[in-house]
Amino acid sequence: MRELVAGAMAQARVVYALSLRETRTRFGQHKLGYVWALLEPVFWVATFGTMFLAIGRENAAGMELVPFLTTGVIPYNLAVGTADRVSVAVDANKSLLFYPHVQPLDLVFARVALELATYVIVMIVILGAYSLWTGSFEIESVLMTSFGLVLATMFGGALGTVLAGMSVLYPVVQRIKGPVMRPLFWLSGIFFAANMLPSNVQEWFLYNPILHCTEMVRDGYFAQYHARGASVGYVLVWTLALAFVGLTMERRVRSRIQLT
Amino acid sequence: MIELRNVTKAYRTHAGMHVVLNRLNATFPDKVSYGILGLNGAGKSTLLRILGGAEQPDEGRVLRSGRVSWPIGFAGGFNGSLSGEENCRFAARIYGADLDHVVEFTREFAEIGEYFRMPVRTYSSGMRARLAFGLSMAIDFDTYLVDEVTAVGDSRFRKKCQEAFASRRERAAVIIVSHQIKTIEAYADRYALLRNGELEIFDDLDEVSRLYEEAA
């Protein structure tokens, strides 16, 4: 038991040190590093917001536009963005594996932690600025909202681990993952909510686990929205299955990761 | 202490599997320094990485107790876009060592002046090596794994490195790999010869030298 605790402490130390380092290398290059993380979600919120206004809609299923779009962009980024960054986590940090207790999975955990922290902060900044501007702030359930965000991140991390393992065996994965995942941008509920879809279409869209996460976040955030189709179990099954495959692959390809 | 049990490591090459370590069994007790001789390509660096845990064996187990260093003399493990100081902080954090002590010690030992605060990618290879060596001396290890570190810097710096090791000999062990008999003579209490995937251990330098020269 004592050894287990000591081991967990050591690993926590490594992941903490790696996250700090990732923060410096990801944002520290430019003075405006952190602003860039904010800019991309803001850009999409602005773009879709303008489009909604252009067709004369000021809300979506009773949800105000800016919070509605923000609660769509953030879970999407947490899922797909994390998957993308985790899939290259080992490649980008190979030199660190020379420190014996830095293992490939620590690099994965560090990136997952940093993505989650980054986008939660981005979300707080956008929605905080918006409620200062409108003068009112309402969130139905912080717990449910956070749960949706964490679930999206876990799904992204598990998917990224599988992609990372596959790209050790087939480097071509890194080239095709972008085009293959791109449709998710249009399918994950950034600019629509599942309840707005006709039921026969909704059924198909709900095969996408990211949409479930977006729905949960919105259900938690908006008092007036109830995500009827969202299922925690469905996302968890996907996440656990991907994590199982990902971790198995990590064992399998570990010896193939060349250090130099 | 480090113990190898039935450790096997092979690499895939175009000509099929190349076995580098073949069912190795060895025990490296605390506070006893070993010098391991091997020709180029005998698997010295692989053995060192496996001892340190940077690489996993294909079969067998490695048991470690105490703090074991990364292979010293290797200037990797640094992130080029971070400064020398930031890299030291990172290493201190993962080893749970005192940050200020590690940074201060490395700064003094490495003698790279202003460069300590500049990105590592701007360093010359000599400066990198000085930083790497200083950092590894700043953290108190029980076992130091050394990969031909003596090639670092000018003769004054080399002497400093040897003194740093000498002052740790009381409480720490050094496992050094080299293809030069002279190098291991300076550091080791006991000797070993790595050839054909096997490791033989000797108490006597003359015996290992004779066998090594025969093989060469």
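My aim in this report is to walk through the structure given alongside it, one point at a time. (Residues numbered from 1 in each chain as written. Chains lettered and ligands numbered in written order. Predicted model: local features only at pLDDT ≥ 70, side-chain atom pairs only at ≥ 80, totals over all residues.)

Our focus in this paragraph is the overall build of chain B. Helices and strands together make up the secondary structure of chain B, namely seven helices and eight strands. The C-alpha atoms of chain B give 18 Å as radius of gyration, which agrees with the globular expectation for 216 residues (17 Å, within 12%). Summarising its shape, the C-alpha atoms of chain B cover approximately 45 × 35 × 30 Å along the three principal directions. Burial statistics for chain B: of 216 residues in total, 44% are counted as buried. A separation threshold of at least 6 residues defines the contact pool for chain B, and within that pool the share at least 24 residues apart is 68%. (Helix = DSSP H or I, 4+ residues; strand = E, 2+ residues; numbered from the N terminus. Rg over C-alpha atoms; globule rule 2.2 N^0.38 Å. Buried ≥ 20, exposed ≤ 12 C-beta atoms within 10 Å, placed from the backbone. Contact = placed C-beta atoms within 7 Å.)

The interface is formed by 21 residues belonging to chain B together with 19 residues belonging to chain A. If one sorts the elements of the side of chain B that touches chain A by residue count, helix α2 (residues 84-94) of chain B sits on top with five residues. Residue classes in the side of chain B that touches chain A are distributed as nine nonpolar, eight polar and four charged. (Nonpolar A, V, L, I, M, F, W, Y, C, P; charged D, E, K, R; others polar.)

This part takes up the nonpolar core. One finds Ala79, Phe155 and Cys213 of chain A together with Ala91 and Ile175 of chain B to be the most contacted residues of the largest nonpolar core, which totals 124 residues. Setting aside chain neighbours within four positions, we find Cys213 of chain A in contact with Pro75, Ala79, Gly148, Leu151, Ala152, Phe155 and Val235 of chain A. (Core = buried A, V, L, I, M, F, W, Y, C linked by C-beta atoms within 7 Å.)

Residues and elements named next belong to chain B. With respect to topology, three strands assemble into an open sheet ordered β2-β1-β4, the strand pairing being antiparallel. With partners counted over all chains shown, the strands left at the sheet margins are β2 (16-28) and β4 (59-64), one partner each. If you compare each strand with its neighbour and ignore which way they point, the axes differ by 25° on average. Bridge count for strand β1 (residues 2-13) against β4 is five bridges, and the pairing is antiparallel. Bridge pairing in β4 links Leu4 to Val62. Helix α1 (residues 44-52) contacts β1, β2 and β4 of the sheet and is inclined by roughly 130° relative to β1. (Pairing = 2+ DSSP bridges. Axes fitted to C-alpha atoms, helices over the stretch in contact; angles between N-to-C directions.)

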